[in-house]
Amino acid sequence: MTDQTKYCPICRETAVPYMLGDKEGYRYEACRACGSAQLEPFPTQSAIEAFIADVDAQLVHIARPEQRISTIEKILKKTLPPATPGKTRLLDVNALHGYATQAARNLGYQTVGINTWQYAHEFAVKHFGEGGFMHSRMQDYVETQYTKANVILCAKIFSQQTDQESFTQALKQALAPGGVIYIEEDDGNHLNTPRDLNGWPVVEPPLTCTLLAKKGMQKILARHGLRVRKSFFTWAPYMRLLVEHAK
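Residues numbered from 1 in each chain as written. Predicted model: local features only at pLDDT ≥ 70, side-chain atom pairs only at ≥ 80, totals over all residues. Heavy atoms only, no water.

**Digging into the overall build of the chain**
- The helix and strand inventory of the chain stands at 7 helices and 13 strands.
- On C-alpha atoms alone, the chain measures out to a radius of gyration of 18 Å, which is about the 18 Å that the 2.2 N^0.38 rule sets for 247 residues.
- Taken across its 247 residues, the chain has 50% of its residues classed as buried.
- Working note: accessible area of the chain is about 12100 Å², and carbon and sulfur atoms make up 50% of it. (Helix = DSSP H or I, 4+ residues; strand = E, 2+ residues; numbered from the N terminus. Rg over C-alpha atoms; globule rule 2.2 N^0.38 Å. Buried < 20%, exposed > 50% of the residue type's maximum accessible area, 1.4 Å probe, protein only. Areas by Shrake-Rupley, 256 points an atom, 1.4 Å probe, with all protein chains shown as cover.)

Below, the structure is given as structure tokens:
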């Protein structure tokens, strides 16, 4: 770790980096200008894929999944524009278990849930049916035939991107005019971000290759014609944002 001035790929400003922390032998270096942190050295996509294969990742139901789906329904009802059944299209770009996708279905949205990883896709299909789930990266999804979404759910997936620019551009491309993106993302510069990353279970290097701060997130979104409409306060170290096309 040095105090040499570096170029931050998140905010694109020059800043003196500092050591945010380390976990399991991986080091997170943060930008003083925007507060975001990245693994140093930064992993390649192939390295992350090899890590997933080596650990033989699996998903299992959390305790009381029906209660979790009900909780998500309440959050979506408070946060998103109401669905016109069969017409309001919702894309869940990190479906994982499929709970949020199913919650949105229950509220009348026409849903598609995508998963980057095969093991997560198989779990969602097994428990919530094959229709409406796809195994794809977001960047690949927008290269196929698709319908723009009125609502995009984007939870805990920015942190896994080795190419933030192409991912964010894909979000912009998939969002219908007048639509909104609901983002939930762990915040590397929150007032309650743990000082010791070893005590923060959401951080899983090298899969968690980036810990965005809110300022860094806003910079990335702005570069791709998106802006934050509303930011929700949270005591826990994560951000909740409602995003739209910039006017």
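Further notes follow.
**Structural notes on the sheet that holds strand 3 (residues 17–23)**
- Ordered by their spatial adjacency, 4 strands build an open sheet running 3-4-5-11, and the pairing between neighbours is antiparallel. Whereas interior strands pair on both sides, the edge strands pair on one side only; in this sheet they are strand 3 and strand 11 (210–211).
- The pairing of strand 3 with strand 4 (residues 26–31) spans 6 bridges and is antiparallel. Residue Asp-22 lies in a different strand from strand 4, and its bridge partner there is Arg-27. (Pairing = 2+ DSSP bridges.)

**Looking at the pairing of strand 4**
- In this structure, strand 4 lies alongside strand 5 (residues 37–39), joined through 3 bridges in antiparallel fashion. Its bridge partner lying in strand 5, Glu-29 is registered against Gln-38.
- Linking two consecutive strands that pair antiparallel, namely strand 4 and strand 5, is a turn of 5 residues; a positive phi of about 85° is found at Gly-35 within it.

**Comments concerning the environment of Val-151**
- Mapping Val-151 onto the fold places it in strand 9 (residues 149–155).
- A residue is classified by how much of its surface remains accessible, and Val-151, at 0% relative accessible area, is buried.
- On a C-alpha basis, the gap between Val-151 and Gly-179 in space is 5.7 Å, while along the polypeptide they are 28 residues apart.
- Residue contacts for Val-151: discarding those within four places in its chain leaves Leu-80, Pro-81, Arg-89, Leu-90, Leu-91, Tyr-109 and Val-180. (Contact = heavy atoms within 4.5 Å.)

**Quick notes on the side chain of Glu-244**
- Turning to its location among the elements, Glu-244 is positioned in strand 13 (residues 238–245).
- Since its relative accessible area comes to 8%, Glu-244 is described here as buried.
- Within the local environment of Glu-244, its side chain forms a polar contact with the side chain of Arg-229, the two groups lying 2.9 Å apart.
- Discounting residues that sit within four places of it in the chain, Glu-244 has contacts with Gly-179, Gly-225, Leu-226, Arg-227 and Arg-229. (Polar contact = N/O pair within 3.5 Å; in protein donor to acceptor, adjacent residues only side chain to side chain.)

**Structural notes on the nonpolar core**
- Within the largest apolar cluster, 33 residues are counted, with the highest numbers of intra-cluster contacts made by Val-93 and Met-138.
- Residue assignment for this core shows that the elements contributing at least two residues are helix 5 (138–141), strand 9, helix 6 (164–174), strand 10 (175–186), helix 7 (214–223) and strand 13.
- With 4 residues, helix 6 is the largest single contributor of residues to this core.
- Once you skip the residues sitting within four places of it in the chain, Met-138 turns out to touch Leu-91, Val-93, Ile-114, Phe-167, Ala-170, Leu-171 and Ala-174.
- Ala-100, Phe-133, Leu-153 and Tyr-182 belong to the second-largest nonpolar core, a separate cluster that totals 21 residues. (Core = buried A, V, L, I, M, F, W, Y, C linked by side-chain atoms within 4.5 Å.)

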